[in-house]
Amino acid sequence: MAENMHELAPHHLPPFIPAADGGDWLFTVMLVVLIFGGILVGVFYLHLHSIPERLAHKHGRMQFELVAVLGLLALFTHNNIFWVAALLLAFIQLPDFWTPLESMAHSLSRLAGTGGVSSETLVEHDLEQEEQELEPGMSASDEPPPTPADHSTASTAEQENKHV
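Model, not experiment: these values are computed from the prediction.

Cut-offs and rules
- Here the residue numbers are simple positions, counted from 1 along each chain's written sequence.
- Whole-chain, interface and lining totals are the exception, using all residues; otherwise, since this is a predicted model, local features are given only for residues with pLDDT of at least 70 and side-chain atom pairs are given and counted only at 80 or more.
- Computation of side-chain values: all heavy atoms of the structure, hydrogens and water removed.
- To qualify as a helix, a DSSP run of H or I must reach at least 4 residues; to qualify as a strand, a run of E must reach at least 2; elements of each kind are numbered from the N terminus.
- A 1.4 Å probe rolled over the protein chains alone gives each residue an accessible area, and that area as a share of the maximum for its type sets the label: buried under 20%, exposed over 50%, partly exposed in between.
- For this analysis, residues touch if any pair of their heavy atoms sits within 4.5 Å.
- UniProt positions are given in the numbering used here, feature names are shortened, and annotations may be inferred rather than shown by experiment.
- Expected span of a helix, by definition, is 1.5 Å for each gap between consecutive residues, and there is one gap fewer than residues.
- For the purposes of this section, nonpolar cores are sets of buried Ala, Val, Leu, Ile, Met, Phe, Trp, Tyr and Cys residues that join through side-chain atoms within 4.5 Å.
- Throughout, an axis means a line fitted to C-alpha atoms (over the contacting stretch in the case of helices), and angles, computed between N-to-C directions, take values from 0 to 180 degrees.
- Any angle from 65 to 115 degrees is called roughly perpendicular, while one under 35 is roughly parallel, one over 145 is roughly antiparallel, and all others are oblique.
- The crossing is said to be left-handed when, going from far helix to near helix, the turn is anticlockwise and less than a right angle, and right-handed when the turn is clockwise.
- Amino acids are sorted into nonpolar (Ala, Val, Leu, Ile, Met, Phe, Trp, Tyr, Cys and Pro), charged (Asp, Glu, Lys and Arg) and polar (every other residue, Gly among them).
- Two N or O atoms count as a polar contact when they lie within 3.5 Å, although within protein this holds only if one can serve as hydrogen donor and the other as acceptor, and sequence-adjacent residues are included solely when both atoms are side-chain atoms.
- Scored from 0 to 100, pLDDT records how confident the predictor is in each individual residue.
- Distance thresholds for patches are 9 Å for like charges and 5 Å for nonpolar side chains (Val, Leu, Ile, Met, Phe, Trp, Tyr), applied to residues having over 30% relative accessible area and no salt bridge.
- Using a 1.4 Å probe, accessible areas were evaluated by the Shrake-Rupley method; residue-level cover was limited to the displayed protein chains.
- The working definition used for a salt bridge is a side-chain nitrogen of Lys or Arg within 4 Å of a carboxyl oxygen of Asp or Glu.
- Positive charges come from Lys and Arg, negative ones from Asp and Glu, while His and the chain ends are left out of the count.
- Every charge is mapped onto a representative atom, which is NZ of Lys, CZ of Arg, CG of Asp or CD of Glu.

## Looking at the overall build of the protein
A tally of helices and strands in the protein yields 7 helices and 0 strands. Shown N-terminal to C-terminal, the secondary structure of the protein runs as helices and strands in the order α-α-α-α-α-α-α. A burial count over the protein gives 12% of its 164 residues as buried. Considering only contacts within the protein whose residues lie at least 6 apart along the sequence, 46% involve residues at least 24 apart.

## A few points about unusual backbone geometry
Trans is the common state for peptide bonds, and a negative phi is the common state for residues other than glycine. Positive phi values are uncommon outside glycine, yet His78 reaches one of about 60 degrees. Among the residues examined, His78 registers a relative accessible area of 58% and is labelled exposed.

## Some points on the UniProt feature "transmembrane region" (unreviewed entry) in the protein
Per the UniProt record, the feature "transmembrane region" (unreviewed entry) sits at residues 25-46 and 66-92. Annotated as residues 66-92, this span is 89% helix and 0% strand, and its ends, taken at the C-alpha atoms, are 12 Å apart.

## Considerations on helix α5 (residues 98-111)
End to end, α5 covers 20 Å across 14 residues, agreeing with the expected 20 Å (1.5 Å per residue, within 8%). Two residues or fewer past α5, Gly113 is found with a positive phi of approximately 100 degrees.

## Considerations on the nonpolar core
Counting 6 residues, the largest nonpolar core consists of Ala56, Val67, Leu70, Ala86, Leu89 and Ala90. Contributing elements (two or more residues each) for this core: α3 (61-77) and α4 (80-91). At 3 residues, the largest contribution of residues to this core is made by α4. Excluding anything up to four places from it in sequence, Val67 contacts Pro52, Glu53, Ala56, Ala86, Leu89 and Ala90.

## Concerning the packing of α3 against α4
Two elements in contact, α3 and α4, have axes whose closest approach is 8 Å; the angle formed by their N-to-C orientations is 160 degrees. Relative to α4, the element α3 lies roughly antiparallel. By crossing handedness, the relation of α3 to α4 is classed as left-handed. Facing Gln63, Leu66, Val67, Leu70, Gly71, Leu73, Ala74 and Thr77 of α3, the residues of α4 in contact are Phe82, Trp83, Ala85, Ala86, Leu89 and Ala90. A breakdown of the residues in the contact of α3 with α4 according to their chemical character gives 11 nonpolar, 3 polar and no charged.

## Describing the side chain of His59
Within the fold, His59 resides in the loop between α2 (51-56) and α3. Looking at His59, its side chain comes within polar contact range of the side chain of Gln93, at 2.4 Å. Contact partners of His59, with chain neighbours within four places excluded, come to Ala90, Ile92 and Gln93.

## Quick word on the confidence of the model for the protein
Confidence along the protein averages 78 in pLDDT terms, with 76% of residues attaining 70 or more. Considering each helix and strand of the protein separately, the mean pLDDT is smallest for helix α7 (residues 156-163), with a value of 53, and largest for helix α1 (residues 25-49), with 94.

## Brief notes about a negative patch on the surface
A surface patch of like charges, here negative, comprises Glu102, Glu120, Glu124, Asp126, Glu128, Glu130, Glu131 and Glu133. With 7 residues, helix α6 (residues 119-134) is the single largest residue contributor to the negative patch. Take Asp126: it is sitting in helix α6.

The structure is reproduced here in structure tokens:
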């Protein structure tokens, strides 16, 4: 092959020049590097994007779901403000409003004379009374009111005197 080369052509060609058979090893190496690098960048982006969700795992279900929704909005809309809001919300512990409200409702139900029966029990009792009223020949007074499981059977007047 050296005898067919032009006299002005260099006798030593650099290794990155493809051979005459069309095989280009540099192109193949760069293709693999780019594909592997693209996958690594995507994994890094998704890992970075999930930081608020991983931080919110310890706070509770409601806060975690809110942070997850903000993260999905940020992912699909490419608005970074949603991701920043999710990150800030993941770092902040939301106060527990439900427990004091439930305690107040329980105390008020005891003061009202229902004896601290849970609201689910009262709702079920009301539904049973409505069903009985719909049936002919039965009155709502046939069934006794729900009794508390863990309280004494003191009268309403005695309970009012205890709280005064």
